[in-house]
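Okay, here's what each chain looks like letter by letter:
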Amino acid sequence: MMRKDSFRHIGMRARLVEELRRKRITDERVLEAIGRVPRHLFLESSFIKFAYQDKAFPIGAGQTISQPYTVALQSQLLEVKAGEKILEVGTGSGYQAAVLLEMGVKLFSIERQGELYQRSVRLLRELGYQGRFYLGDGYEGLPAQAPFDKIIITAGAPIIPRNLLMQLKVGGMMVIPFGDTKQVLMRIIRINEDEFEQEEIEECAFVPMLNGVVGK
């Protein structure tokens, strides 16, 4: 299937970048990545005309594509450097993965929903993105690939998964939406083998982080 990006879409992305700048997204590398990723290709056809509004949209399997501000904020909080090894928990539509890959990271991404996994990996490959993608339980992470410089979680976790904390390098950082009915976006830094420092950023609303694998 031919997928198209046009000058019109490029212009819409430029306006989105300026909107995010007004919302205090200041990391130019994040903004540049948002400006390059064709978000309309990650949406179902009925939502394509709204692709560059700063809104979340459903993508099937009870999941959503996060609003661009959320993607930009989480990416900014990660303080991403090119070449870093990053674990993404919750591939979803693949949009957040594409933004991180545009920033030059070595991405490992895990998704529990077989339907979303197949769809997003096919699209990301078609667009030329070369991350490593896995179907699995996000609560378990990828211990065989650990440790990671950074971990980003794209669903609301009722607990902070110890398995994932243990997969961070010392000095590494995790960005996680934490909470059940009320969620707060948190940044966690691994100080040493046993100690972690936590910082609350702002309230947020994500779909819940579930365990297990569905639809292999």
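Residues numbered from 1 in each chain as written. Predicted model: local features only at pLDDT ≥ 70, side-chain atom pairs only at ≥ 80, totals over all residues. Heavy atoms only, no water.

- An unreviewed UniProt entry lists the chain under the name Protein-L-isoaspartate O-methyltransferase, with Carboxylicivirga mesophila given as the organism.
- For the chain, the Function (unreviewed entry) comment in UniProt is given as "Catalyzes the methyl esterification of L-isoaspartyl residues in peptides and proteins that result from spontaneous decomposition of normal L-aspartyl and L-asparaginyl residues. It plays a role in the repair and/or degradation of damaged proteins." (UniProt positions renumbered as here; feature names shortened; annotations may be inferred.)

### Details of the overall build of the chain
Okay, step 1: Secondary structure assignment for the chain yields six helices and nine strands.
Okay, step 2: In terms of C-alpha radius of gyration, the chain reaches 16 Å, essentially the compact-globule figure of 17 Å for 216 residues.
Okay, step 3: Over its C-alpha atoms, taken along the principal directions, the chain stretches across nearly 50 × 40 × 35 Å.
Okay, step 4: Out of the 216 residues belonging to the chain, those deemed buried represent 52%.
Okay, step 5: Nonlocal contacts in the chain, meaning residues at least 24 apart in sequence, comprise 53% of its contacts between residues at least 6 apart.
Okay, step 6: Here the chain contributes 29 positive and 27 negative side-chain charges, whose respective centroids are spaced 7 Å apart. (Helix = DSSP H or I, 4+ residues; strand = E, 2+ residues; numbered from the N terminus. Rg over C-alpha atoms; globule rule 2.2 N^0.38 Å. Buried < 20%, exposed > 50% of the residue type's maximum accessible area, 1.4 Å probe, protein only. Contact = heavy atoms within 4.5 Å. Lys, Arg positive; Asp, Glu negative; His and termini not counted. Charge placed at Lys NZ, Arg CZ, Asp CG, Glu CD.)

### Quick look at the environment of Gly 83
Okay, step 1: Among the secondary structure elements, Gly 83 is positioned in the loop between α3 (68-78) and β3 (85-89).
Okay, step 2: Its relative accessible area of 39% is what places Gly 83 among the partly exposed residues.
Okay, step 3: When the C-alpha positions of Gly 83 and Ser 109 are compared, they lie 15 Å apart, and in sequence the two are 26 residues distant.
Okay, step 4: Residues in contact with Gly 83, not counting those within four places in the same chain, are Gly 104, Val 105 and Lys 106.

### Comments concerning unusual backbone geometry
Okay, step 1: Across the junction of Ala 146 and Pro 147, the peptide omega takes the value 5 degrees, indicating a cis bond.
Okay, step 2: Tracing the backbone through its elements, the reader meets Pro 147 in the loop between β5 (132-135) and β6 (148-153).
Okay, step 3: Residues other than glycine seldom take positive phi values, yet Arg 24 does so here, at roughly 75 degrees.
Okay, step 4: Relative to the assigned elements, Arg 24 resides in the loop between α1 (7-22) and α2 (28-36).
Okay, step 5: Here the phi dihedral of Glu 79 falls at roughly 55 degrees; this positive angle occurs in a residue that is not glycine.
Okay, step 6: Position of Glu 79 relative to the elements: it lies in the loop between α3 and β3.
Okay, step 7: Here Glu 79 falls in the partly exposed class, since its relative accessible area comes to 40%.

### Details of the side chain of Lys 150
Okay, step 1: Structurally, the position occupied by Lys 150 is in strand β6.
Okay, step 2: Judged by relative accessible area, which is 5%, Lys 150 ranks as buried.
Okay, step 3: Looking at Lys 150, its side chain comes within polar contact range of the side chain of Glu 84, at 2.9 Å.
Okay, step 4: Leave out the neighbours within four places in its chain, and Lys 150 touches Leu 78, Glu 79, Val 80, Glu 84, Lys 85, Ile 86, Leu 87, Leu 168 and Met 173. (Polar contact = N/O pair within 3.5 Å; in protein donor to acceptor, adjacent residues only side chain to side chain.)

### Section: the UniProt feature "active site" (unreviewed entry) in the chain
Okay, step 1: The sites that carry the UniProt feature "active site" (unreviewed entry) are, in the present numbering, Ser 66.
Okay, step 2: Excluding anything up to four places from it in sequence, Ser 66 contacts Arg 39, Lys 55, Ala 56, Val 71 and Phe 206.

### Overview of the packing of aromatic side chains
Okay, step 1: Overall, the coordinates contain three aromatic pairs when judged by the stated rule.
Okay, step 2: Considering the side-chain rings of Phe 42 and Tyr 95, the 5.9 Å spacing of their centres and the 65 degrees angle between planes classify their relative orientation as edge-to-face. One end of the pair, Phe 42, is in the loop between α2 and β1 (57-60); the other, Tyr 95, is in helix α4 (residues 95-102), and 53 residues separate them in sequence. For the pair formed by Phe 42 and Tyr 95, the shared burial category is buried.
Okay, step 3: An angle of 20 degrees between the planes, with centres 6.3 Å apart, marks the rings of Phe 50 and Phe 57 as stacked.
Okay, step 4: Phe 50 gets classed as partly exposed once you look at its relative accessible area, which sits at 29%. (Phe/Tyr/Trp six-rings, centres within 6.5 Å; stacked < 30°, edge-to-face > 60°.)

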